[in-house]
Amino acid sequence: MFKMEGKVAVVTGGNSGIGLSIARSLARQNVKVAMVARRRKKLEEAKALLESEGGEAEIFTADITSEDDVRQMAEDVYRRFGRVDILINNAGLGIFKNVEELESREWKNVIDVILTGTFYCTRYLLPYIYENKSGHVINITSLWAKENCATCSAYTAAKHGQKGFTESVREEARKHNVKVTNIMPGTVDSPFFSKVKWNHDFSRALQPEDVAKLVIDVLQFPERAVVEDVVLQAIHPA
Ligand SMILES: NC(=O)c1ccc[n+]([C@@H]2O[C@H](COP(=O)([O-])OP(=O)(O)OC[C@H]3O[C@@H](n4cnc5c(N)ncnc54)[C@H](OP(=O)(O)O)[C@@H]3O)[C@@H](O)[C@H]2O)c1
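Being a predicted model, the structure only gives us computed values, none of them experimental.

Participant: What exactly am I supposed to notice about the environment of Lys159 here?
Facilitator: Mapping Lys159 onto the fold places it in helix H5 (residues 153–174). According to the relative accessible area criterion, Lys159 is buried, its value standing at 3%. Lys159 sits twelve residues away from Glu147 along the chain, and the two C-alpha atoms are 9.7 Å apart. With residues up to four places along the chain from it excluded, the contact list for Lys159 reads Ile114, Ile140, Thr141, Ser142, Trp144 and Ala145.

Here it is, written out as structure tokens:
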């Protein structure tokens, strides 16, 4: 089993929703957590929360759509902790509109954060993980990485792309004994929906801690086994 104690994890979007829940669960396993996002104040609150629960955490302010920010963040994480073992590509956003109403800046924003941001973080952090000849990259994609819905064109394009990217990198990482997992959650009750109009009965939705539990379970599989793709759905989806 992958020994988690003392390992170092980078969680993008670690200051909110699913990412924050994953960061807290990792810290409870004595993993040192590097939380990456843009909003400094929310990062500071998240760090204080993890530390109040006995965890070790550091914050790194970066916009993952900026290659310079991500390159600097990766160097700073490595300088601070001396190693990287786990990367959770979780940061994301959704813009949901009919395609004829979607502005090109909105399209670009969704693709840049979800797809290009995942590329940059993987590009600059994976070489550090490879140094250990063991480790794990977990990408939080979405049920919309394999299914489709009306008003989701930018989001599904980004998430389908992120899934394809994940599968290709998995084949490269095997040679380094590094695992790559794609987690596809259905609707999760998180601040994601404070920014978008989405008609949904959230009383039936998944909670961020459900995804966090799955991340810990996936990390704890025997060394010989990699969980490749997982769909996590509510028992009674709305
Ligand atoms: N909620 C759902 O129903 C659901 C279902 C399936 C999959 N997902 C996926 O799960 C992931 C997390 O979503 P969530 O529900 O936890 O939403 P959330 O609470 O809104 O969190 C999104 C996170 O992404 C970060 N982020 C956004 N743009 C960024 C950028 N340019 N650079 C760095 N960080 C950025 C945000 O931090 P800052 O704003 O501070 O940068 C925030 O921490 C997303 O990839 C989402 O697509 C969500």
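This is not the end of the story, as more comes after the structure.
Participant: I keep staring at the pattern of salt bridges and nothing clicks. Help me out?
Facilitator: What the rule picks out here adds up to 19 salt bridges. When the shortest N-O distance is used, the salt bridge between Glu45 and Lys41 registers 3.0 Å. Placement of the pair is Glu45 and Lys41 together in helix H2 (residues 40–52), with a separation of four residues, close to one helical turn. A salt bridge links Glu56 to Arg80; the nearest nitrogen and oxygen atoms lie 3.6 Å apart. Of this pair, Glu56 sits in the loop between H2 and strand E3 (57–61) while Arg80 sits in helix H3 (residues 67–81), and the two are 24 residues apart along the sequence. Given a relative accessible area of 35%, Glu56 falls into the partly exposed group. With relative accessibility at 37%, the residue Arg80 sits in the partly exposed group. When salt bridges that share partners are traced, they join Lys47, Glu51, Glu56, Glu58 and Arg80 into one network.

Participant: What is the right way to look at the side chain of Asn15 in this model?
Facilitator: Within the element layout of this structure, Asn15 appears in the loop between strand E1 (8–12) and helix H1 (17–28). Looking at Asn15, the relative accessible area reads 4%, which means it is buried. A distance of 3.4 Å separates a polar side-chain atom of Asn15 from the backbone oxygen of Arg39. For Asn15, the residues in contact, after removing those within four places along its chain, are Leu20, Ala37, Arg39, Lys42, Leu43 and Ala46.

Participant: Please clarify how H1 should be interpreted in this entry.
Facilitator: The periodicity of an α-helix, 3.6 residues per turn, causes residues three or four positions apart to be oriented the same way. Here H1 contains twelve residues, and its C-alpha end-to-end distance of 17 Å stays within 8% of the 16 Å for a straight helix at 1.5 Å per residue. Most of H1 sits inside the fold, with ten of its twelve residues counted as buried. Every buried residue belonging to H1 is among Gly17, Ile18, Gly19, Leu20, Ser21, Ile22, Ala23, Ser25, Leu26 and Ala27, and all of these are buried. As for H1, its buried residues are in contact with E1, strand E2 (32–37), H2, strand E4 (86–89), strand E5 (135–140) and helix H6 (208–219).

Participant: How should the state of the cysteines be read in this particular structure?
Facilitator: Linking two cysteines covalently via their sulfur atoms produces the bond known as a disulfide. Applying the stated criterion across every chain, the model contains one disulfide. In this model Cys149 forms its disulfide with Cys152; the gap between the sulfur atoms is 1.8 Å. The disulfide joining Cys149 to Cys152 has a torsion of about -55° about its S-S bond and is therefore left-handed. For Cys149, a relative accessible area of 22% translates into the label partly exposed. We classify Cys152 as buried; its relative accessible area is 0%.

Each value, and the rule that gives it
Residues take numbers from 1 onward in each chain, read along the sequence in its written order. Two thresholds apply to this predicted model, a pLDDT of at least 70 for residue-level local features and 80 or more for giving and counting side-chain atom pairs, whereas whole-chain, interface and lining totals are computed over all residues. Each side-chain value is derived from all of the structure's non-hydrogen atoms; neither hydrogens nor water enter the calculation. For the purposes of this entry, the term helix denotes a DSSP run of H or I that reaches at least four residues, the term strand denotes a run of E that reaches at least two, and both are numbered from the N terminus. Buried residues are those whose accessible area, probed at 1.4 Å on protein chains only, stays under 20% of the maximum for their type, while exposed residues exceed 50% and partly exposed ones sit between those limits. Here, residues are in contact when the closest pair of their heavy atoms is within 4.5 Å. Only one rule defines a salt bridge in this text: a Lys or Arg side-chain nitrogen within 4 Å of an Asp or Glu carboxyl oxygen. Polar contact is defined as a pair of N or O atoms within 3.5 Å, subject to the rule that within protein one atom must be able to donate a hydrogen and the other to accept it, and that residues adjacent in sequence are counted only when both atoms are side-chain atoms. A helix is expected to reach a length of 1.5 Å times the quantity of its residues less one. Disulfide: a pair of cysteine sulfur atoms within 2.5 Å of each other.

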